[in-house]
Structure formats: structure tokens, C-alpha cells
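Below, each chain spelled out in residue letters.
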Amino acid sequence: MRCSKTSPRLASLASHVPERLHASFLYLLKIICKMKLLVIGGGGREHALAWKLAQSPRIQKVFVAPGNAGTARENGLENLPLTDIQELARFAQKEHISFTTVGPEAPLAAGIVDVFRAGNLKIFGPTQKAARLESSKSFAKAFMQRYDIPTAKYATFTRASEAHAHIDKHDAPVVVKADGLAAGKGVVVAMSKDEAHSAADMMLVSSNMGKAGASVLIEDYLEGEEASFIVMCDGAHILPLATSQDHKRLLDGDKGPNTGGMGAYSPAPVVTPALHNRVMREIIRPAIKGMAQEGVVYTGFLYAGLMIDSKGNPKVLEFNCRMGDPETQPIILRLKSDLVSIIEHALNGTLDQVSAEWDRRVALGVVFAAANYPDTPKKGDVITGLPRAGEDFKVFHAGTQLNGKSVVTSGGRVLCVTALGDNVKMAQRRAYEIAEGIRFNGMQMRRDIGNRAINLKKH
Ligand code: AMP
Ligand code: GLY
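Below or above, wherever it landed, is the structure these notes cover. Every chain begins its residue count from 1, and numbering advances along the sequence as written. The order in which chains are written sets their letters, starting at A; the order in which ligands are written sets their numbers, starting at 1. Reporting of local features is limited, given that this is a predicted model, to residues whose pLDDT is at least 70; pairs of side-chain atoms are given and counted only at 80 or more, and all residues count toward the totals for whole chains, interfaces and linings. Just so you know, side-chain values use all the structure's heavy atoms and leave hydrogens and water out.

1. Brief notes about the side chain of Asp448
Test applied: For the purposes of this entry, the term helix denotes a DSSP run of H or I that reaches at least four residues, the term strand denotes a run of E that reaches at least two, and both are numbered from the N terminus. Here the term buried applies to any residue with accessible area under 20% of the maximum for its type, exposed to any over 50%, and partly exposed to those in between, with areas from a 1.4 Å probe on protein chains only. When checking whether two residues touch, look at their non-hydrogen atoms; a contact exists if any pair is within 4.5 Å.
Its location among the elements puts Asp448 in the loop between strand S24 (444-445) and helix H17 (451-458). For Asp448, a relative accessible area of 11% puts it in the buried group. The residues contacting Asp448, other than those within four sequence positions of it, are His247, Asp252, Gly253, Asp254, Gln428 and Tyr432.

What follows is the structure in C-alpha cells.
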């Protein structure tokens, strides 16, 4: 019996069973039909997604490929040491995986959704073509222009001499971006022309970003408050998730280099209900509709990174074709609904028939990064003081692995300590209280996650 097919039919089968046996019949079928799921990725976002999926009573096991030390030790999760897309598809066939959810952008850009679908495997994410909204910034910018989606003015260059000439004519600050995927590190917000020239050289001449930097965008600098606006799409319907705000810079006070994200909280108070409607109307719906007009049905998570100016006008900084990391960690900690059921609706094209219920509290996540992150993160440092989860917090793992009984660092961003509180200040206090006990050599952590929201409220 295939569990994925059987579970949604429980109710209709039950109608053929005599009344007095109804409850026992349903109970029995639920036990027999426990589903197995697969989550692709090994970061904090994937730990959070897999942890949440495993809480559904219908789930027997969630495989996480490749996972980390956190997913290795979690009840109901099992790590799978695979990253090759064909091997993952074969595994999903063999294990009768009910559906697969993809965390990071790289497998999406490499076409994992297309491969799984070709093998009749259910997978939640955008196709390779749809993922171009993230995998090529020049595609995304031209797309936004075609559909009047508000974004900063830009120009694209492959020749360094032309990029330099453009920078010379431009006022600073100015933003230099690698066209391709660069794990959140392909953007230089240059406060001076000199800095912009060096960034263009670093991408186009020294090729520090490899192919991702073979083409660069030079973009107007936008000022304001950032927010992450993430929705789920089933091709026709859109389900917005709770809003959030990331902290991209490495150091307190939004100083230092851009990173993949050093902390996040949800909700983002800057996104008022009126602004929410406006973002849906001016950004999200036109994006989904525009893709459809170009023959691309958008399915999966869609993330609009927004800059909201002092007058409350939103502009798109970037589109991502996935959930954010670390935004997912606080968002998932607040999700009260069954994520399995929501994704099933998304896979069946019935997202309009489900809603997501959120904890009214604020969730705030503080990232621990390894020594030398983001340039050359150090690996192998033993992490001590990791607490068990509590009712109001969870430590999600990212770049960690097991070394015997020890948990050691194995990547740039290592942990995300995520806590709930009645307001941003209380969630912040709780998260730092828990973070206090955790130690590893050279660890880096911002001390001001949430301060922007706290200061916003003061104005
Ligand atoms: P992106 O990967 O395009 O979202 O850029 C990473 C980060 O760089 C954003 O979260 C912003 O903090 C900053 N950034 C990107 N584009 C701009 C812009 N046009 N103006 C100001 N800051 C920007
Ligand atoms: N935290 C930013 C991102 O996931 O792109």
C-alpha cells in the first residue's frame, strides 16, 4: 500500500466502514500509512523544515540529505549522505517518499524539480526555468522591468572597462552584484567609488566569484528598512507566510561584509497590513502572473527581499526561489499548522483551501558563525553547552557534524538559537540567554539581532 496515495483517501474509505468501527479504522490506517518525506539540504533552514514536518502525526520518518549534526540527533529524522540529484531521485523511488521539499537554491537551479517530476516523484519547488528568478540576477531584473515590479535601476556588464566607466559616472553609494549564485556573498554595497571599482575588478578581473561573477550588475543604492516576504505558490494560488527580517551584515550595527544572514526575527513590524496588501498587489502577484505569461508555472516558495523606503514604498532587492536562511528558523518556530498538510495542498494545487496559523509571539533567531566566516570559515571546532529544546526555544543546527559523541563546526553558519517571546525585546532576551551557554573557538555572533525592530517601535 502506497502511503502517500492512501492518506488523503482515509476519509472516503472510512465512509464504507460500519459506523461503530469508524474510529478504530481511521486509527489503524493512520498507523499503517505513515509517510516518509525527504528534505534536501543541510543548513539551519532544512533542520527547521524537517523538524516541523516530523511533528505531523502522519509522518514516520523525514530523511534529510545531507543534513547536519542537529538533524542526525533529532527524533524522526535521518540523515542521508547524498547530494547527487539522480541518486536522490533513485532513493525517493526506492523508499516510496511521499514528497520531497527543497531547501537551498543550488539543487533548484540545477533542475532537481524537473528530474523528480520526470520520474513521477512529488517535489515542492520551482523548476530550473522558474528558479532563474534567483539564479540569474540579470534575468530577474529584466523580468521586473517587463512587469513593472518596483526595483532599483541597474545596468549589466561583462567587461571590466565598461563597468569602471559606468561607476565613474555614478554617484556613491552604489551596489555591485555578481549575476549568478554566490551564497549570499555576491553583493558589495560600495560606500565609495573606489570600493565599487575594487568590487567590479574582484568579480570581472580576478574572478573571485568564478562563473557567478562573470557578469555583474551595478545598481542604484536604496535606503530604508529591509524585510523578507515569503510565499508558497501552487502554480495558481498563493499562500503568504509570516513576514520576517534578516540581518545580512556580519557585525553589530549592520557593519562589516554581507553574509548569508546573521539572525532574523518574525514578524517584521515594518510590513503593516496595508503594506502587505501592496506587496501582494505590486510584487508577488505580478511576478507569478508574469512567469505564467512567459510559459513558466511557478510552484514552490518565492521570497522577495524588500527595501521599504521612509514613505513606505517597497522595492525588490532580490527574488529567491526558496525560503530564507535564517528567516525560516523563526518563521517555522511560529507556525502552528501542520506543514505536511500545507505542502500537500501546494502539491495538489489547492493552496486556496488551507491557511497557516501563526503563534502570536515574536520569534527571534541568533546565528553563531564559525571563525573567519564569511571568507574562509574554520571547521572542526568542538561545540559545547548545546541545550535541549524548550517550549519557547529551539537551537537549529547548520554547519555542524558529529565527531564521535562531539558536535563540531563544519561550515560558515553553525547554529541558529531561536526563541519565542511576547515582543521582540523578550524574544531577544530569551534567545541571548540560551546563546550564553554555547561555546566554540572563534565563534562569531551579533549582539544586536532585533534592535532595528525595537528602534522602529520607538519612532
Ligand atoms: P541581495 O542578495 O541582492 O538581496 O543583496 C544582499 C543585501 O545587500 C541586501 O539584503 C541588502 O542589505 C543589500 N543590498 C542589495 N541591493 C541593494 C541596493 N540596491 N541598495 C541597498 N542595499 C542593497
Ligand atoms: N537570509 C537571506 C537569504 O536566505 O537569502
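2. Details of the nonpolar core
Selection rule: By nonpolar core we mean a set of buried residues, namely Ala, Val, Leu, Ile, Met, Phe, Trp, Tyr and Cys, connected to one another through side-chain atoms within 4.5 Å.
Membership of the largest hydrophobic core comes to 51 residues, with the highest contact counts inside it found for Leu38, Ile112 and Phe319. The leading source of residues in this core is helix H13 (residues 273-293), at eight residues. In this view, Leu38 contacts Phe63, Ala65, Leu80, Leu88, Ala92, Ile97, Phe99, Thr100, Thr101 and Phe116; residues no more than four positions away in its chain are not counted. Within the second largest apolar cluster, 38 residues are counted, among which are Val39, Leu239, Ile342 and Ile343.

3. Remarks on the site of ligand 1
Rules: For each residue, the test is whether any non-hydrogen atom lies within 4 Å of the molecule or strand; if one does, the residue is near. Nitrogen and oxygen atoms within 3.5 Å of one another constitute a polar contact, given that in protein one can donate a hydrogen and the other can accept it, and given that sequence-neighbouring residues count only through two side-chain atoms. Under the scheme applied here, ten amino acids are nonpolar (Ala, Val, Leu, Ile, Met, Phe, Trp, Tyr, Cys and Pro), four are charged (Asp, Glu, Lys and Arg), and all others, including Gly, are polar.
Taken together, 15 residues sit near ligand 1, with Glu219, Leu222, Glu226, Lys248 and Glu318 positioned nearest. Asn258 is positioned with one of its side-chain polar atoms (N or O) 3.4 Å from an oxygen atom of ligand 1. A distance of 2.9 Å separates an oxygen atom of ligand 1 from a polar side-chain atom of Glu318. Among the elements of the structure, strand S7 (174-178), strand S8 (187-190), strand S9 (216-220) and strand S17 (314-320) are those that each provide at least two residues to the shell around ligand 1. Each residue belonging to the shell around ligand 1 can be placed in one class, and the counts come to seven nonpolar, one polar and seven charged.

4. Here we look at the environment of Gly390
Structurally, the position occupied by Gly390 is in the loop between strand S19 (382-383) and strand S20 (393-397). Take Gly390: its relative accessible area is 29%, and that puts it in the partly exposed class. Sequence separation between Gly390 and Ala419 is 29 residues; the distance between their C-alpha atoms is 9.1 Å.

5. A closer look at the packing of aromatic side chains
Within a pair of aromatic rings, the relevant descriptors are the distance that separates the centres and the angle that separates the planes. We apply this condition: Each aromatic pair joins two rings of Phe, Tyr and Trp (for Trp, the six-membered one) with centres within 6.5 Å, and gets the label stacked for planes under 30 degrees apart, edge-to-face for over 60, and tilted for any other angle. Over a ring means this: the NZ of a Lys or the CZ of an Arg is within 6 Å of the ring centre and within 35 degrees of the ring normal.
All chains considered together, the criterion is met by six aromatic pairs. Ring centres 6.2 Å apart and planes at 45° place the aromatic pair Phe368 and Phe440 in the tilted group. With a gap of 72 residues between them, Phe368 in strand S18 (residues 362-369) and Phe440 in the loop between helix H16 (424-435) and S24 connect regions that are remote in the sequence. Looking at Arg132, its charged tip hangs above the ring of Phe139, at a distance of 4.2 Å from the centre.

6. Notes on the pairing of strand S10 (residues 225-234)
Worth spelling out the cut-off: Any two strands are treated as partners once DSSP identifies two or more bridges connecting them.
In terms of burial, S10 is a largely internal element, nine of the 10 residues being buried. Note: S10 against strand S16 (residues 299-308), 10 bridges, orientation antiparallel. The residue of S16 that forms the bridge with Ile230 is Tyr303. In the sheet, S10 pairs with strand S11 (residues 238-240) via three bridges, with the strands oriented antiparallel.

Scope: geometric values only; no functional claims are made or implied.
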